[in-house]
Structure formats: structure tokens, C-alpha cells
Amino acid sequence: MTKGLTRGDYDERLGRVRDYIYDHLDEDLDFARLAEIACLSPHHWHRIYHALHGETAFATVRRLRLHRAAYELRQTTMPVERIAERAKYDSAAFARVFKEQFGMPPARYRREGVYAEPACNRDEEGSPMREIEIRQAPPLTVAGIPHRGPYMEIGRAFDQLHNVITTRGLYGPGQHNVAVYFDEASITPPEKCRSLAGRSVGPETPIEPPLERLELAGGEHAVLRHRGPYAELGAAYDWLFGVWLPGSGREAADRPCYEIYINTPMDAAPKDLITDIYLPLK
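The present account deals with the structure reproduced in this document. Everything numeric in this text was worked out from a predicted model, so none of it was measured.

Calculation criteria
- Residues numbered from 1 in each chain as written.
- Predicted model: local features only at pLDDT ≥ 70, side-chain atom pairs only at ≥ 80, totals over all residues.
- Heavy atoms only, no water.
- Helix = DSSP H or I, 4+ residues; strand = E, 2+ residues; numbered from the N terminus.
- Contact = heavy atoms within 4.5 Å.
- Areas by Shrake-Rupley, 256 points an atom, 1.4 Å probe, with all protein chains shown as cover.
- Lys, Arg positive; Asp, Glu negative; His and termini not counted.
- Charge placed at Lys NZ, Arg CZ, Asp CG, Glu CD.
- Pairing = 2+ DSSP bridges.
- Axes fitted to C-alpha atoms, helices over the stretch in contact; angles between N-to-C directions.
- Buried < 20%, exposed > 50% of the residue type's maximum accessible area, 1.4 Å probe, protein only.
- Phe/Tyr/Trp six-rings, centres within 6.5 Å; stacked < 30°, edge-to-face > 60°.
- Lys NZ or Arg CZ within 6 Å of the ring centre and 35° of its normal.
- Polar contact = N/O pair within 3.5 Å; in protein donor to acceptor, adjacent residues only side chain to side chain.
- Core = buried A, V, L, I, M, F, W, Y, C linked by side-chain atoms within 4.5 Å.
- Salt bridge = Lys/Arg side-chain N within 4 Å of Asp/Glu carboxyl O.

Here's the deal with the overall build of the protein
If you tally the helices and strands in the protein, you get nine helices and eight strands. Considering only C-alpha atoms, the protein reaches an extent of 70 × 50 × 35 Å along its principal axes. By sequence separation, contacts in the protein at least 24 residues apart represent 71% of the contacts at least 6 residues apart. Of the roughly 14,600 Å² of accessible surface on the protein, a fraction of 52% belongs to carbon and sulfur atoms. Treating the 36 positive side-chain charges of the protein as one cloud and the 41 negative ones as another, the clouds have centres 3 Å apart.

Here you go:
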């Protein structure tokens, strides 16, 4: 009798697909090849992937390439034409698709970022007025997948987390995706940066490998609400630590910041993403 596949088997097989996609974004991906990597029926693996990931494999590839393109526009001097080529678009199609997702053409996004939108309020010096409030945050139990490497690549760990949470039936009401960053990216080599892609769960939730348990302390936090692409989060942190904190009369506690994602790239365009940054206070 042939042994049936468990949920863990499906998670492991589609995990190989996820890793292959991340490692081969510059290539023309062959979806028949992805079925071979998953060791699943070429006819049905698309449905299985969609059911476990919440999006098609094609949508995953498109999302990751556009996310990388946004980062390259803001953080590098790579020509826009080359960025479009790496995202597998000609220049005209890239400009159209990028504007649909980010709310502005690539060249303008490179110059100004999302906070250039006319509706954005600005202070007397022209800097964006960001939403921030002091909250008594509850303690959080987080089930997560550790990530080591550049913070912009934590999406790989979140994809694995989503697979594990789905196959184990751990999704529940009131949960959010949570990211914790343990190292200062400006002084830590990117390949050594440690972070955790997590999901807030109940304290009694069984957390078994590859998931790790992390308890985040409650208490007073400064919460900065960021609206827009994840590629712009660095600027939000710069404002939080360089503008708000020195002028607030408050002192940061000796614990890492964490992010709570109100929505995700699978259900919102990059320009509509909402991220709450929690800074613990003394």
C-alpha cells in the first residue's frame, strides 16, 4: 500500500518550490519544472500551491520581482531599464505595472518615494507627517521562522511560515503577521542580520519545529503607522529614531522593535500596505 502524503509532506515539497523561486528570480521560470521540484502532479500542483499560499505561483513571482524592483529603485543607482529587465518587463510595461502597484511611475518613485503623494501632510520643512501614538501594548506570543540575512529578504521566511501555519491549522481570529529585527542593519553585515518572521498566536498554541516561540513583553510603546511599500520602511525608522525620539522626551527600552502587518502583499497593493512599527519605551 502506498503511504499517503501528510500536511508536512506538502509543506516540505512546496517549500522546495518557494526556495527555487527566490533563488532564480532572474530566470524565466518553467512551471513544469516547478511541478517536478514539488514532486506533485503537473495538473494539480497549481491548485495546491494556491490553496497553501493564498496566491498563484505566477503571482508570487510577479510580486517578488516588483518588490525587488522597488528596493533597487530606492536603494541603488541601477538604471531603470535594467531594473525593468530584471523584473522581466520591457520599459513601457514595467512603468505601467509599477504605477498600478505603487501609485506612481518608477522614475518618480526613485526621486520622491510614496510620500510624494499630494494627499500626504508635511511639516514646515517639507518632511512627511507620520502617524504615531503611545500605546500600552499587550504581551505577544509569536510563532516564527528565524531568518538570517538581509532584512529585505525576510519574505522567504514569511512564505515558509505561511505554509507551516496553514498546514497545521494554526490560523485564528485576531492574529497578525509579526516581524522582529534583532540587529542594527546599519552596523551589522547584511548576511549576519538576525530576524524572525512570525505570527501572533495564543499562549497555549503548540509551537513545534521549524517554528520557534518568542515572547514579546507588553508595556508602553511608541507605535508608528507606515503606509506604503516595505522598501520605504527604512525611511520610517530613520524618522522614528532621528526626529521623533529625540524630541519626545522619552527613552527607548533595551528591547528590539517589532512590526505588525495590518495587511499583506497578497491582499493589498504595495502603495496600500499598512505596517505598525512598535518601539518599546522605558
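Alright, that's what it looks like, and here's the rest.
Quick word on the sheet that holds strand β7 (residues 258–261)
Here eight strands make up an open sheet; going across it, the order is β1-β6-β8-β7-β3-β4-β2-β5 and the pairing antiparallel. Two strands bound the open sheet, and with one partner strand each, they are β1 (131–137) and β5 (212–216). Pairs of neighbouring strands in the sheet enclose a mean axial angle of 30 degrees, with direction left out of account. Taken together, the four bridges between strand β3 (residues 177–181) and β7 define a ladder with antiparallel strand orientation. Looking across to β7, one finds that V180 is bridged to Y258. Relative to the sheet, helix α9 (residues 233–248) contacts β1, β3, β6 (219–227), β7 and β8 (274–280), its axis offset from that of β8 by approximately 40 degrees.

Thoughts on the side chain of R18
Mapping R18 onto the fold places it in helix α1 (residues 7–23). Using a relative accessible area of 6% as the deciding quantity, one classes R18 as buried. When residues no more than four places from it in sequence are discounted, the contact partners of R18 are R156, D159, Q160 and N163.

Details of the packing of aromatic side chains
Summed over all chains, the structure comprises nine aromatic pairs. Taking the ring centre of Y109 as reference, the NZ or CZ of R74 above it sits at 5.8 Å.

What about the pairing of strand β2 (residues 140–148)?
Successive side chains on a regular strand alternate, one facing one side of the sheet and the next facing the other. Of all nine residues in β2, seven are buried, a share of seventy percent or more. For β2 and β5, the ladder comprises five bridges, and the chain directions are antiparallel. When the sheet's bridge partners are listed, T141 is paired in β5 with E215. Pairing between β2 and strand β4 (residues 194–201): eight bridges, direction antiparallel. The partner of P146 across the bridge, within β4, is L196.

Concerning the side chain of H162
Position of H162 among the secondary structure elements: in helix α8 (residues 155–167). A relative accessible area of 16% means that H162 is categorised as buried. Side chain to side chain, H162 and Y171 meet in a polar contact 2.5 Å long. Sequence-distant contacts of H162, defined by excluding residues within four places in its chain, comprise L52, H53, G54 and Y171.

Considering the nonpolar core
The biggest cluster of nonpolar side chains holds 31 residues, and the ones touching the most others in it are I154, F158, Y181, L211, W244, I277 and L279. Counting residues per element, the ones that place at least two in this core are β2, α8, β3, β4, β6, α9 and β8. Looking at this core element by element, the count peaks at seven residues for α9. Beyond its immediate sequence surroundings of up to four residues, Y181 is in contact with Y151, I154, R194, S195, Y237, P256, C257, E259 and Y261. Listed in part, the 17 residues of the second largest apolar core include I37, L40, Y49 and L64.

Focus on the pairing of β3
The element β3 is extensively covered by neighbouring structure, given that five of its five residues are classed as buried. Taking every second residue as pointing to the same face, both faces of β3 are buried, with N177, A179 and Y181 on one and V178 and V180 on the other.

Describing the pattern of salt bridges
Scanning all chains against the criterion turns up 22 salt bridges. In this structure, D159 engages R63 in a salt bridge whose closest nitrogen and oxygen atoms are separated by 3.8 Å. Highlighted residues: D159 in helix α8 and R63 in helix α4 (residues 57–75), separated in sequence by 96 residues. Exposure remark for D159: the relative accessible area of 8% places this residue in the buried category. Between R135 and D276 there is a salt bridge whose closest N-O contact spans 3.7 Å.

Topic: the environment of F31
With respect to the helices and strands, the residue F31 is situated in helix α2 (residues 31–38). In this structure, the C-alpha to C-alpha distance between F31 and V17, residues 14 residues apart in sequence, is 9.9 Å.

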